[in-house]
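One letter stands for each residue in the lines below.
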Amino acid sequence: MSKKFLSGNEAFAEGIRLARPQVISAYPITPQTIVVERLSEMVEDGSLNAEYVHVESEHSAMSCAIGASAAGARAFTATSSQGLLYMAECLYYASGGRFPIVMMNADRSTALPWNIYGDQRDSLSQLDSGWIQAYAENSQEALDLALMSYRIAEDKRVSTPYMANLDGFVLTHTYETVDIPEREQADRFLPPYETDNRIDLESPKNMAFSAGPDTNYIFKYKEHEGVLAAREVIAETEKAFAEIFGRKYTGLLENYRTEDADYIIVTLGSIAGLCRETADKLCENGVKAGVVRIRYMRPFPNAEIADVLRNAKAYAVLEKDISFGNEGTVFTNVNSALKKAGADVKGYNFIGGLGGRNISASDIEKIYNDIANGTESVNFIGIGGESNGK
């Protein structure tokens, strides 16, 4: 295993190289561009044997990946923001067809106003598209998710496309030291892709067909089962990953100082590190503060969320997203998990980071203070008064 100083984008590209995709459909968009640039260089220098397809749009990028997967090839693409929204029609074709495509999304604000900086409104808008959704915190996890994603998506119990999300600029363009696995290790972890769900002249089958109400209903139920099956497969994959590479991950979510915490922040992505640092500072001053980082929004960790939050005095969901006219999408999911489990814990929603606006340590410390003393149910960080929801 070697070490390199890489950005999140470059680390993810290294993980994809190790996964040996056979077809890469590429359409660059900021801040995702570096991923497909690095992969093009790898194909050019021979370190990655793949068909690299330059397409004319994000819609075409996903269409190309679907076609490749339907032919039985391991496929990859990447996008961001408006690009993800432009290909949204095709996301449903990929999941409905049970094609285990892997896509990296560089989380970025959506227009208007036009903005290239990072929030998570693009990916969270597509939670219902039938894709597995994971959120990396740092470059090492980005690389590791790139490698693990194919093993999870291609498992026959799952057979579902996988979206790995990296916070735009904060993670995609930030450099840190990353461990790069050896080729032999990667090949031992991830075998070549094999599937019966493909075009086959020797064994013809109907694919991408129409289905009436009765049959369509069954297909959607089986699609739902596939995403749910990913829960077990993620656990199995992370166990095998730890055995080969020595790095351990924690499944659908990650808990920090939550065992006896009175006040807990729930979040996802790169902001979790600053939340943990703030929790450490508060704990030193006698405040029992904890952090939950959601690693997977789909499948959603309902039981795990309820178990970790049920004994807290209050919790806050800090997210870079808003479902306009209601609340943050992550908060809706967390609150639902608690209600279904019968856990009576006061929850508060904090919206921040939209359009890449900074969330500071003092902002996070204030969140802990606000939930300890009571506040509005929906809060926009740095904006007070009438703008906050009841």
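Refer to the preceding data block for the structure.
Residues numbered from 1 in each chain as written. Predicted model: local features only at pLDDT ≥ 70, side-chain atom pairs only at ≥ 80, totals over all residues. Heavy atoms only, no water.

Asks: How would you explain the sheet that holds strand S9 (residues 253-256) if you had to name every residue and give the values?
Replies: The mixed open sheet is built from 6 strands, whose spatial order is S9-S11-S10-S13-S14-S15. Because the sheet does not close on itself, it has two edges, and the strands there are S9 and strand S15 (378-380). Averaged over all adjacent pairs, the angle separating strand axes in this sheet is 20°, with direction ignored. As defined by bridge partners, strand S13 (residues 314-319) adjoins strand S14 (residues 346-351) across 6 bridges and the pair is classed as parallel. Bridge pairing in S14 places Val 317 opposite Asn 349. Along the sheet, helix H10 (residues 272-284) contacts S9, strand S10 (263-267), strand S11 (289-294) and S13; its crossing angle with S11, the most-contacted strand, is approximately 165°. Against the sheet, helix H13 (residues 361-373) engages S10, S11, S13 and S14, with an angle of about 130° to S10. (Pairing = 2+ DSSP bridges. Helix = DSSP H or I, 4+ residues; strand = E, 2+ residues; numbered from the N terminus. Axes fitted to C-alpha atoms, helices over the stretch in contact; angles between N-to-C directions. Contact = heavy atoms within 4.5 Å.)

Asks: I'd like to hear about the sheet that holds strand S3 (residues 51-54), residue by residue, with values.
Replies: The sheet built from 7 strands is open, its strands ordered S3-S2-S4-S5-S7-S6-S12 with mixed pairing. Strand pairing shows two members of the sheet lacking a second neighbour, S3 and strand S12 (296-298), which therefore form its edges. The sheet shows a mean angle of 20° between the axes of neighbouring strands, direction not considered. Looking at chain direction, strand S6 (residues 132-135) and S12 are connected through 2 bridges and run antiparallel. The residue bridging Gln 133 from the neighbouring strand is Arg 298, located in S12.

Asks: For the layout of surface pockets, give the residues involved together with the corresponding values.
Replies: One water molecule sets the probe size; rolling that probe over the atoms shows where empty space is left. Of the volumes computed, that of the largest pocket is approximately 650 Å³. Contributing to the lining of the largest pocket are 23 residues, with Gly 96, Gly 97, Ala 208, Phe 209 and Phe 219 lying nearest its centre. Listing elements by their share of the lining of the largest pocket, those giving two or more residues are helix H3 (58-70), helix H5 (88-96) and helix H9 (213-245). Among the elements that line the lining of the largest pocket, the one with the most residues is H9, at 5 residues. The space that makes up the second largest pocket amounts to roughly 310 Å³. Considering the residues around the second largest pocket, the lining is formed by 17 residues, among which His 224, Val 227, Arg 298, Pro 299 and Phe 300 are closest to the centre. Looking at the lining of the second largest pocket, the elements that each hand over two or more residues are H9 and helix H12 (329-340). (1 Å grid on protein atoms, 1.4 Å probe; cavity = no way out; pocket = protein on both sides within 12 Å on 5 of 7 lines; lining within 4 Å. Points joined across faces, edges and corners; volume = space filled by probe spheres on them.)

Asks: Help me get a handle on the environment of Gln 140, residues and values and all.
Replies: For Gln 140, the position within the fold is in helix H7 (residues 139-154). Here the alpha-carbon distance between Gln 140 and Gln 32, two residues 108 residues apart in the chain, equals 17 Å.

Asks: Which residues make up the nonpolar core, and what values go with them?
Replies: Membership of the largest hydrophobic core comes to 48 residues, with the highest contact counts inside it found for Leu 39, Phe 76 and Tyr 162. Top contributing element to this core by residue count: H7, with 8 residues. Excluding residues within four positions of it along the chain, Tyr 162 makes contact with Ile 101, Val 102, Met 103, Trp 131, Ile 132, Ala 134, Leu 145, Ser 149, Ile 152, Ala 153 and Tyr 296. By size, the runner-up hydrophobic cluster in this structure holds 26 residues, among which are Val 292, Phe 300, Leu 309 and Ala 343. (Core = buried A, V, L, I, M, F, W, Y, C linked by side-chain atoms within 4.5 Å. Buried < 20%, exposed > 50% of the residue type's maximum accessible area, 1.4 Å probe, protein only.)

Asks: How would you sum up the side chain of Glu 238? Please name residues and give values.
Replies: Within the fold, Glu 238 resides in helix H9. For Glu 238, a relative accessible area of 5% gives the class buried. Excluding its chain neighbours within four sequence positions, the residues that come into contact with Glu 238 are Met 148, Tyr 249, Thr 250, Gly 251, Arg 295 and Tyr 296.

Asks: Any details on the pairing of S14? Residues and values, ideally.
Replies: In terms of residue burial, S14 counts as a mostly covered element, since 5 of its 6 residues are buried. Assessed by its sense of winding, the connection that carries the chain from S13 through H12 to S14 is right-handed. Judged from the 3 bridges that link them, S14 and S15 form a sheet pairing that is parallel. Each residue of the ladder has a partner; that of Phe 350, found in S15, is Asn 379. Viewed along the sheet, the connection from S14 through H13 into S15 turns out left-handed. (Right-handed = clockwise from strand over helix to strand, strands pointing away.)

Asks: Could you give an account of the packing of aromatic side chains, naming the residues involved and the relevant values?
Replies: Under the defined criterion, the tally for this structure stands at 10 aromatic pairs. Ring centres of Phe 12 and Phe 76 lie 6.1 Å apart, and the angle between their planes is 35°; on these two criteria the pair is classed as tilted. One end of the pair, Phe 12, is in helix H1 (residues 8-19); the other, Phe 76, is in strand S4 (residues 75-79), and 64 residues separate them in sequence. On the basis of relative accessibility, which here comes to 0%, the residue Phe 12 falls in the buried class. With a centroid separation of 5.5 Å and 45° between ring planes, the pair formed by Tyr 117 and Phe 169 is classed as tilted. Placement of Tyr 117 in the loop between strand S5 (102-107) and helix H6 (121-124) and of Phe 169 in the loop between strand S7 (162-167) and strand S8 (175-180) is noted, with a sequence separation of 52 residues between them. (Phe/Tyr/Trp six-rings, centres within 6.5 Å; stacked < 30°, edge-to-face > 60°.)

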